[in-house]
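# Residue-level structure breakdown
As a plain string of letters, each chain reads:
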Amino acid sequence: MRRSLLCLTFMLAMAGSAAAASCGDTGSGFEKWKAAYAAEAKAQGVGRKGLAALERTSYSRPTIRADRAQHSFKLGLGAFMEKRGAVTIVARGRKLKAQNAKLFAQIEKRYGVPAGPLIAIWGMETAFGAYMGKQNTLSAVATLAYDCRRPEYFREQLIAALQLVDEGVLSSSSVGAMHGEVGQTQFLPKNVLLYGVDGDGGGINLNKKADALASTANFLRGHGWQRGAGYQPGEPNFAALQGWNAASVYQQALAIMGREIDEE
C-alpha cells in the first residue's frame, strides 16, 4: 500500500510540477541549483532521508562526458549487434536459461514473459550482471537534472531516486551506470519506483538476478506484453520491447537474440 501511494504521489507531483530552477551547462551553478531544487523535492513528497541524500550529491563530469558521447545507436543493425557481442550473448544466454530454468519458469508464469527477451536484455545491459557501473547513482541523476540538455526528464528521475532513498531501495552510496541506471538490467529510478518487484522475498534490490529479471518482466507487462504472443517486429509484443529502449537497432537486436535463445 505504501509503495502504491508513493507511486501515486510521484505521478501527481510530476503532472503538476514546474521547473524549480534554471539549468546549467557547467558545474559552477550546481550547488546553488541543488539548494533551490531541494524545496521542490520536499514539496513533491521527498522525505528527510531523500533530502539528505540530495544534499550529498556532487556534479559528475564523467556523467556529462558520457552523455555527450553516445554513438553506438547510429550504427546499422548488423554493425550494432556485432559491436554489442550478440553472438556471445546468445551462446551464454542459452546456458543461463538452462541453469536458471526454475526462475524463468516462475517469471513466465507470473508475468507471461518468456526467458529469451529477458536474457537478451540482461546480456545487452550488463553482460549478465558482470558490469553494472561504478558511478554514484544520485550524483549522476542530479547532474543530468541540472544539465540543460534534458532537465525535465531527469528531474522526474531525480524525484523518483530520492523517493527510493526514503523507501530504503537506494542510498547515497548506490552506484550504477553513467546516467543513473541501476541493477543487472539497468533501470532508471522512475522505472524502479513503478516496476521494481521483489523476486526472491528479500526486498527489492535490482543488483540481484531474481529481482532484476522479475522487474524487467513486470516492466514489459506494464508496456502491454501479451502472454503467448510473438515479439518480433510486426507482432503484438514488439511494442513492449520498444518501450524498453527507443533505438530501433536496439529493439530489433533484442527481438533477434531473444528468438534465438528461446528457440534453442
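Residues numbered from 1 in each chain as written. Predicted model: local features only at pLDDT ≥ 70, side-chain atom pairs only at ≥ 80, totals over all residues. Heavy atoms only, no water.

### Brief notes about the overall build of the protein
Broken down by element type, the protein carries 14 helices and two strands. The globule rule puts the C-alpha radius of gyration for 264 residues at 18 Å, and the 19 Å found for the protein is close to it. Viewed in the frame of its principal axes, the protein has a C-alpha envelope of about 55 × 40 × 30 Å. Here the protein holds 264 residues, and 49% of them are scored as buried. (Helix = DSSP H or I, 4+ residues; strand = E, 2+ residues; numbered from the N terminus. Rg over C-alpha atoms; globule rule 2.2 N^0.38 Å. Buried < 20%, exposed > 50% of the residue type's maximum accessible area, 1.4 Å probe, protein only.)

### Quick notes on the environment of glycine 24
Topologically, glycine 24 is positioned in the loop between helix H1 (2-16) and helix H2 (30-43). Residues glycine 24 and alanine 140 lie 116 residues apart in sequence; the distance between their C-alpha atoms is 14 Å.

### A look at the pattern of salt bridges
With the rule as written, the count across this model stands at 10 salt bridges. The shortest N-O distance in the salt bridge between aspartate 147 and arginine 68 comes to 2.9 Å. Here aspartate 147, found in the loop between helix H9 (137-146) and helix H10 (151-167), pairs with arginine 68, found in the loop between helix H4 (61-67) and helix H5 (77-83); they are 79 residues apart in sequence, far enough to count as distant. Overall, aspartate 147 belongs to the buried group, its relative accessible area being 1%. With relative accessibility at 39%, the residue arginine 68 sits in the partly exposed group. Linking lysine 190 and glutamate 156 is a salt bridge whose minimum nitrogen-to-oxygen distance equals 2.9 Å. You can see lysine 190 sitting in helix H11 (residues 189-195) and its partner glutamate 156 sitting in helix H10, a full 34 residues away along the chain. (Salt bridge = Lys/Arg side-chain N within 4 Å of Asp/Glu carboxyl O.)

### Looking at the layout of surface pockets
Gaps left between atoms are located by rolling a probe of water-molecule size over the structure's atoms. The space that makes up the largest pocket amounts to roughly 1300 Å³. Lining the largest pocket are 39 residues; nearest its centre among them are Gln70, Phe73, His179, Glu181 and Asn245. Elements supplying a minimum of two residues to the lining of the largest pocket: helix H8 (115-126), H10, H11 and helix H13 (238-244). The residue makeup of the lining of the largest pocket, split by class, is 18 nonpolar, 14 polar and seven charged. (1 Å grid on protein atoms, 1.4 Å probe; cavity = no way out; pocket = protein on both sides within 12 Å on 5 of 7 lines; lining within 4 Å. Points joined across faces, edges and corners; volume = space filled by probe spheres on them. Nonpolar A, V, L, I, M, F, W, Y, C, P; charged D, E, K, R; others polar.)

### Details of the side chain of threonine 143
Topologically, threonine 143 is positioned in helix H9. Judged by relative accessible area, threonine 143 falls into the buried class, the value being 0%. Engagement of the side chain of threonine 143 in a polar contact is seen with the backbone oxygen of serine 139, the distance being 2.7 Å. Excluding residues that lie within four positions of it along the chain, threonine 143 makes contacts with Phe30, Ser58, Tyr59, Ser60 and Ile64. (Polar contact = N/O pair within 3.5 Å; in protein donor to acceptor, adjacent residues only side chain to side chain. Contact = heavy atoms within 4.5 Å.)

### With respect to the packing of helix H6 (residues 86-99) against helix H14 (residues 248-262)
Between H6 and H14, whose axes approach to 9 Å, the crossing angle comes to 40°. The angle between the axes of H6 and H14 places the two elements in the oblique class. Note on packing geometry: the crossing formed by H6 with H14 is right-handed. From H6, Ala86, Ile89, Val90, Gly93, Arg94 and Lys97 reach across to H14, where they touch Met257, Glu260, Ile261 and Asp262. (Axes fitted to C-alpha atoms, helices over the stretch in contact; angles between N-to-C directions. Parallel < 35°, antiparallel > 145°, perpendicular 65-115°, else oblique. Left-handed = near helix turned anticlockwise from the far one by under 90°.)

### Observations concerning the confidence of the model for the protein
Scored by pLDDT, the protein comes out at a mean of 93, with 91% of its residues at no less than 70. When the criterion is pLDDT under 50, residues 13-20 qualifies, and its contacts beyond four places in sequence or with other chains add up to 13 contacts. (pLDDT = per-residue confidence, 0-100.)

### What to know about the state of the cysteines
In total, this model carries one disulfide according to the counting rule given. Covalently, cysteine 23 is tied to cysteine 148 through a disulfide, its sulfur atoms 2.1 Å apart. Every disulfide takes its handedness from the sign of the S-S torsion; for cysteine 23 and cysteine 148 that torsion is 95°, giving right-handed. Of this pair, cysteine 23 sits in the loop between H1 and H2 while cysteine 148 sits in the loop between H9 and H10, placing them 125 residues apart in sequence. The class for cysteine 23 is partly exposed, based on a relative accessible area of 33%. The partly exposed category is assigned to cysteine 148, whose relative accessible area is 28%. (Disulfide = S-S within 2.5 Å.)

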